[in-house]
Amino acid sequence: MTTAVIPDLTAYDEAALERAFAELMEQAARDAAHLGSPDAIETFRLKWLGRNQGRLNEISSRWLKSAPPQAKKSIGLRFNELKKKVEELLEQASGAGPSDAALAAEAIDITLPGTRRLTGAEHPITRTQNEIVSVFAALGYSVGVGPEVETDFYNFESMNFPPGHPARDTQDTLVVANQERRPPRDRLLLRTHTSPVQMRTMEQQPPPVRIVIPGKVHRNDAMDATHSPIFHQVEGLCVDANITFSDLKGTLDHAMKALFGSSVKTRFFPSFFPFTEPSADVQISCIFCGGKGCRKCKQSGWIELLGCGMVDPAVFAFAAEKQPAYDPKKISGFAFGMGVERIAMMKYGISEIGQFYAGDMRFLNQFV
Ligand SMILES: [Zn+2]
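Conventions adopted
- Every chain is numbered independently, its residues counted from 1 as its sequence is written.
- At least 70 in pLDDT is required for a residue's local features to be given in this predicted model, at least 80 for side-chain atom pairs to be given and counted, and no such filter applies to totals for whole chains, interfaces and linings, which use all residues.
- Computation of side-chain values: all heavy atoms of the structure, hydrogens and water removed.
- Segments assigned H or I by DSSP are reported as helices when at least four residues long, segments assigned E as strands when at least two residues long, and all are numbered from the N terminus.
- A radius of gyration in this sense is built from C-alpha atoms; the matching globule rule multiplies 2.2 Å by the number of residues raised to 0.38.
- Burial classes: relative accessible area under 20% of the type maximum marks a residue as buried, over 50% as exposed, and values in between as partly exposed (1.4 Å probe, protein chains only).
- Note on contacts: a residue pair qualifies if any of its non-hydrogen atoms lie within 4.5 Å across the two residues.
- Note on areas: Shrake-Rupley, 1.4 Å probe, and residue coverage restricted to the protein chains presented here.
- Residues counted as positive are Lys and Arg, residues counted as negative are Asp and Glu, and His and the chain ends are not counted.
- Lys charges are placed at NZ, Arg charges at CZ, Asp charges at CG and Glu charges at CD.
- For salt bridges, the criterion is a side-chain nitrogen of Lys or Arg within 4 Å of an Asp or Glu carboxyl oxygen.
- Two strands pair if DSSP finds at least two bridges between them.
- Only the stretch in contact is used when a helix axis is fitted, and all axes are lines through C-alpha atoms; the angle between N-to-C directions ranges over 0 to 180 degrees.
- Any N, O or S atom lying within 2.8 Å of the metal counts as a donor, and for Na, K and Ca the limit rises to 3.2 Å; water is left out, so some sites can look incomplete.
- Tetrahedral means four donors with every angle between 85 and 135 degrees, whereas square planar (four donors) and octahedral (six donors) require angles over 155 degrees between opposite donors and between 65 and 115 for all others; sites fitting neither are termed irregular.
- A 3.5 Å cut-off defines polar contacts: any pair of N or O atoms within that distance qualifies, except that in protein one atom must be a possible hydrogen donor and the other a possible acceptor, and neighbouring residues in sequence count only when both atoms are side-chain atoms.
- Two rings belonging to Phe, Tyr or Trp (six-membered ring only in the last case) form a pair when the distance between their centres is within 6.5 Å. Interplanar angles under 30 degrees mark stacking, angles over 60 mark edge-to-face geometry, and anything in between is tilted.
- Geometrically, a charge over a ring is one whose NZ (Lys) or CZ (Arg) sits within 6 Å of the ring centre while staying within 35 degrees of the ring normal.

Peer 1: What am I meant to see in the overall build of the protein here?
Peer 2: Regarding its fold elements, the protein presents 12 helices and 9 strands. Taken against the 2.2 N^0.38 rule, which gives 21 Å for 368 residues, the C-alpha radius of gyration of the protein at 41 Å runs more than 25% over that of a compact globule. Projected onto the principal axes, the alpha-carbon positions of the protein cover approximately 120 × 55 × 40 Å. Each of the 368 residues in the protein was classed as buried or not, and the buried ones make up 42%. Taking the contacts inside the protein whose residues are at least 6 apart along the sequence as the reference set, 67% of them involve residues at least 24 apart. Only carbon and sulfur atoms are counted for the fraction: they give 53% of the accessible area of the protein, which is about 20500 Å². Charge centroids of the protein, computed over 41 positive and 43 negative side chains, lie 3 Å from each other.

Next up, the structure:
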């Protein structure tokens, strides 16, 4: 491609050689005058120094090798000068850096204030959830997790909500569509409590079990000041030989004191949950008025905070299908559950549950 522009040498006297090489020097300088980009520099390098079709290679083979012996030394010296010149031009172009205009366009005013990057912080829900978990972790509980999209079996049936049982109406939820061909117990839904993880844990691990299960749950509840269709729970399960209701009371009394202060009292009222028998609601003495009665506790001095009870033998029977050690005649246990939002609202004096999910930085910044 470059052969055409290199003429044959017709004369070998000093003046002719001088002219021929001067012409090449000028060409190289002209070529090197506009080497603005790495691509252009590479094109220049290939044109002059390319191993196969470069001009210097061409000159070497066409001028030097065919020259008469007496002219070879002179051509060789000029050839080396030309090569040195081309290499210098290339070096200058490579090291020259961007143009002044390019530099001006990229200039940064280092006196301007920097872009402030906010440090992340725990969301109040996450923080409260971690606080609850750590209270139980200190008692030797480990943390269990499980899927949010659950089967009917784990969410309801194994928790002693039989198909068609009215107790299911208390925990209506979203059901995954198009599952009519599946057996009812395998149909998928959004879990209404973290209790399915209790069953999943027992199926995999013989007693003793002590776990807390934090997580997101879903219910068909209309949004209002204290309800949300999505919220968070921490549940707990303790199973071993000779676990009694006293153990349950002592554990939860300790946990409430650890969360709300040592002066907090607890009291237990009979209640109903399908998966525990007997079941209880737990109230704590009002943390706002110390039990004297105020607007927050509706003048009662007490605030209802969690549900609990002794694990129903029917639940153990489901676990025993895979782990025979869950024989209700030999072991017993308790379970409890609390809403993280409810506790966070109490701890931080928040009156609207929706604040937690609005993503409003003015709200969230208060917890940094
Ligand atoms: Zn009160």
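Peer 1: So what exactly am I meant to see when it comes to the pattern of salt bridges here?
Peer 2: Two side chains with opposite charge may pair up if their charged atoms get near one another. Scanning all chains against the criterion turns up 14 salt bridges. Residues E131 and K347 are paired through a salt bridge, measuring 3.2 Å at the closest nitrogen-oxygen approach. Of this pair, E131 sits in helix α6 (residues 124-137) while K347 sits in helix α11 (residues 340-348), placing them 216 residues apart in sequence. By relative accessible area, E131 is classed as partly exposed at 24%. The class of K347 is partly exposed, set by a relative accessible area of 29%. The partner of D253 in a salt bridge is K257, and the shortest N-O contact between them spans 3.0 Å.

Peer 1: What's the story with the pairing of strand β4 (residues 209-218) in this structure? I'm lost.
Peer 2: On any regular strand, side chains alternate: one points to one face of the sheet, the next to the other face. Of all the 10 residues making up β4, 8 are buried; the element is thus mostly covered by neighbouring parts of the structure. Note: strand β1 (residues 142-143) against β4, 2 bridges, orientation parallel. When the bridges of β4 are listed, V143 appears paired with V212.

Peer 1: Help me out: how do you make sense of the sheet that holds β1 in this one?
Peer 2: Strand pairing in a sheet relies on backbone hydrogen bonds, with the paired strands running either antiparallel or parallel. In spatial order, the strands read β1-β4-β5-β9-β8-β7-β6; together these 7 strands make up an open sheet with mixed pairing. The sheet is open, and its two edges are formed by β1 and β6 (266-273), each paired on a single side. Running at roughly 145° to strand β8 (residues 302-311), helix α9 (residues 245-260) makes contact with β6, β7 (276-285), β8 and β9 (332-339) of the sheet. Along the sheet face, helix α10 (residues 313-320) touches β5 (230-240), β8 and β9 and points at about 50° away from the line of β8.

Peer 1: Mind showing me how you'd approach unusual backbone geometry here?
Peer 2: The residue after P207, namely P208, is reached through a cis peptide bond having omega 5°. Considering the arrangement of structural elements, one finds P208 in the loop between α8 (196-204) and β4. Omega for the peptide link from E277 to P278 comes to -5°, which places this bond in the cis form. A positive phi angle, close to 60°, is found at N178, a residue other than glycine. Taking the relative accessible area as the measure of exposure, N178 reaches 72% and is therefore exposed.

Peer 1: Looking at this structure, how should I read the coordination of the zinc ion?
Peer 2: For a metal bound by four donors in tetrahedral geometry, the ideal donor-metal-donor angle is 109.5 degrees, whereas six donors in octahedral geometry ideally sit at 90 or 180 degrees. The zinc ion binds to the protein through C286 (SG), C289 (SG), C294 (SG) and C297 (SG); the donor distances cover 2.2 to 2.3 Å. Bound by 4 donor atoms, the zinc ion shows angles of 103 to 114° at the metal and therefore tetrahedral coordination geometry. Linear spacing of the donor residues for the zinc ion on their chain is C-x2-C-x4-C-x2-C. A relative accessible area of 2% means that C286 is categorised as buried.

Peer 1: I'm lost on the side chain of T128 in this one. Help?
Peer 2: Mapping T128 onto the fold places it in helix α6. Within polar-contact distance, the side chain of T128 engages the backbone oxygen of P124 at 2.7 Å.

Peer 1: Would you mind going over the pairing of β5 with me for this structure?
Peer 2: The buried fraction of β5 is high, at 9 of 11 residues. As paired strands, β4 and β5 are joined by 10 bridges and run antiparallel to one another. When the bridges of β5 are listed, V212 appears paired with G236.

Peer 1: Teacher, can you tell me more about the packing of aromatic side chains here?
Peer 2: Any pair of aromatic rings gets described here by the distance separating the centres and the angle formed by the planes. Applying the stated criterion across every chain, the model contains 15 aromatic pairs. When the ring of F161 is compared with that of F275, the centres are 6.0 Å apart and the planes differ by 40°; the resulting orientation is tilted. Placement of the pair is F161 in the loop between α7 (152-155) and β3 (188-190) and F275 in the loop between β6 and β7, with a sequence separation of 114 residues. Given a relative accessible area of 14%, F275 falls into the buried group. An aromatic cluster of three or more residues is present, and its members are Y348, F356, Y357, F363 and F367. Across from the ring centre of Y154, 4.1 Å away, lies the NZ or CZ of R200, which sits over that ring. If you follow K296 out to its NZ or CZ, it ends over the ring of F288, 4.3 Å from the centre.

Peer 1: What am I meant to see in α8 here?
Peer 2: Most of α8 is tucked away: 7 of the 9 residues are buried. Inspection of α8 places P196, V197, Q198, M199, T201, M202 and E203 among the buried residues, and these make up the whole buried set. Turning to α8, the residues buried within the fold contact β2 (149-151), α7, β4, β5, α10 and β9.

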